[in-house]
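Here is what each chain is made of, one letter per residue.
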Amino acid sequence: MSWLSDTLTSTIGRKLVMSLTGLFLIIFLVVHLAGNFQLLADDGGEAFNEYAEFMTSNPIIKFLSYGLYAFILLHIVMSIALVLKNKKARPTGYDKVKGSANSSFSSRNMGILGFIIFVFLVIHMRSFWFEMKFGTMPLDEFGNKDLYLIVKEAFSQWWYVALYVVCMVGLAFHLSHGFSSAFQTLGINHSKYTPFIKKLGIVYAILIPAAFASIPLIMFFNS
């Protein structure tokens, strides 16, 4: 298993792991967004509660969920390891070089943006995932756990909606660099394809977080 330890301890290996887990999470966001849009259905939460029940009870989905949690943790651990290694290799910054001259805001602040997303995940999972799995939750008229009621209550509070929107802005900046960077790390870097990948990454980084942010905003202003 020396190849595994070498991969997880080398800079190139860690970047490779971050790229693969990042691309998996990018795909997951689209799936998760599709499920969340059911919150906006005018059915008192029936569709969303059925979706939530299926996602937490289907054996295949549960198995994939464990993989998702592992990928999230691995992505975080690898990012922290890379930041610490970079700081150790370069304990003092360059005095005469202005970072903004040759790099974007997102690329210079991926660590901070990642931390914002991590804090959001902890709060988000405590508010909804933990309650769904371990909390005492009322049932809807169809016998499903009424997670819609919990979400609706959370999205009726201005501070939670504001936190959600701010974190989605952080996610947008994180994705704007991470999307194209993941492909570049995997060696997909060609004059013919790279410009398209970068443009696609920008579009994705804007549309997906904006769509996520629109859900609590719509529910808040309609409450």
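That block above? That's the structure.
Residues numbered from 1 in each chain as written. Predicted model: local features only at pLDDT ≥ 70, side-chain atom pairs only at ≥ 80, totals over all residues. Heavy atoms only, no water.

Before going further, it helps to spend a moment on a nonpolar patch on the surface. Taken together, the side chains of F115, F118, V119 and V122 define a hydrophobic patch exposed on the protein surface, amounting to about 360 Å² of accessible area. In this structure, F118 sits in helix α6 (residues 110–134). (Patch = residues over 30% accessible without salt bridge, like charges linked within 9 Å, V, L, I, M, F, W, Y side chains within 5 Å. Areas by Shrake-Rupley, 256 points an atom, 1.4 Å probe, with all protein chains shown as cover. Salt bridge = Lys/Arg side-chain N within 4 Å of Asp/Glu carboxyl O. Helix = DSSP H or I, 4+ residues; strand = E, 2+ residues; numbered from the N terminus.)

We now examine the packing of aromatic side chains. Summed over the entire model, instances satisfying the criterion amount to 14 aromatic pairs. When the ring of W129 is compared with that of F134, the centres are 5.8 Å apart and the planes differ by 80°; the resulting orientation is edge-to-face. On the accessibility criterion, F134 (55% relative accessible area) is exposed. Through a chain of ring-to-ring contacts, the aromatic side chains of F120, F128, F155, W159, Y160 and Y164 assemble into a single cluster. (Phe/Tyr/Trp six-rings, centres within 6.5 Å; stacked < 30°, edge-to-face > 60°. Buried < 20%, exposed > 50% of the residue type's maximum accessible area, 1.4 Å probe, protein only.)

A few words on the environment of I72. By secondary structure assignment, the location of I72 is in helix α4 (residues 59–89). Judged by relative accessible area, I72 falls into the buried class, the value being 17%. Taking the C-alpha atoms as reference points, I72 and F24, separated by 48 residues in sequence, lie 9.5 Å from one another. Apart from residues no more than four positions distant in its own chain, I72 is found in contact with L25 and L121. (Contact = heavy atoms within 4.5 Å.)

One turn of an α-helix holds 3.6 residues; hence residues three or four places apart share an orientation. Between its first and last C-alpha, helix α8 (residues 158–185) extends 40 Å over 28 residues, near the 40 Å set by a 1.5 Å rise per residue. Where α8 bends most, the angle comes to about 30°, and this point is L175. Two residues or fewer after α8 comes G187, characterised by a positive phi angle close to 90°. (Expected span 1.5 Å × (residues − 1). Bend = angle between axes of the 7 residues up to and from the residue.)

Turning our eyes to something else, we now look at the pattern of salt bridges. The final tally for this structure, using the stated rule, is one salt bridge. Taking the shortest distance from any N to any O, the salt bridge between R126 and E131 comes out at 3.0 Å. Classification of R126 as partly exposed rests on a relative accessible area of 44%.

To continue, consider the side chain of N36. Here N36 is to be found in helix α2 (residues 11–36). Overall, the relative accessible area of 8% leaves N36 in the buried class. Excluding residues that lie within four positions of it along the chain, N36 makes contacts with F48, Y164, F212 and I215.

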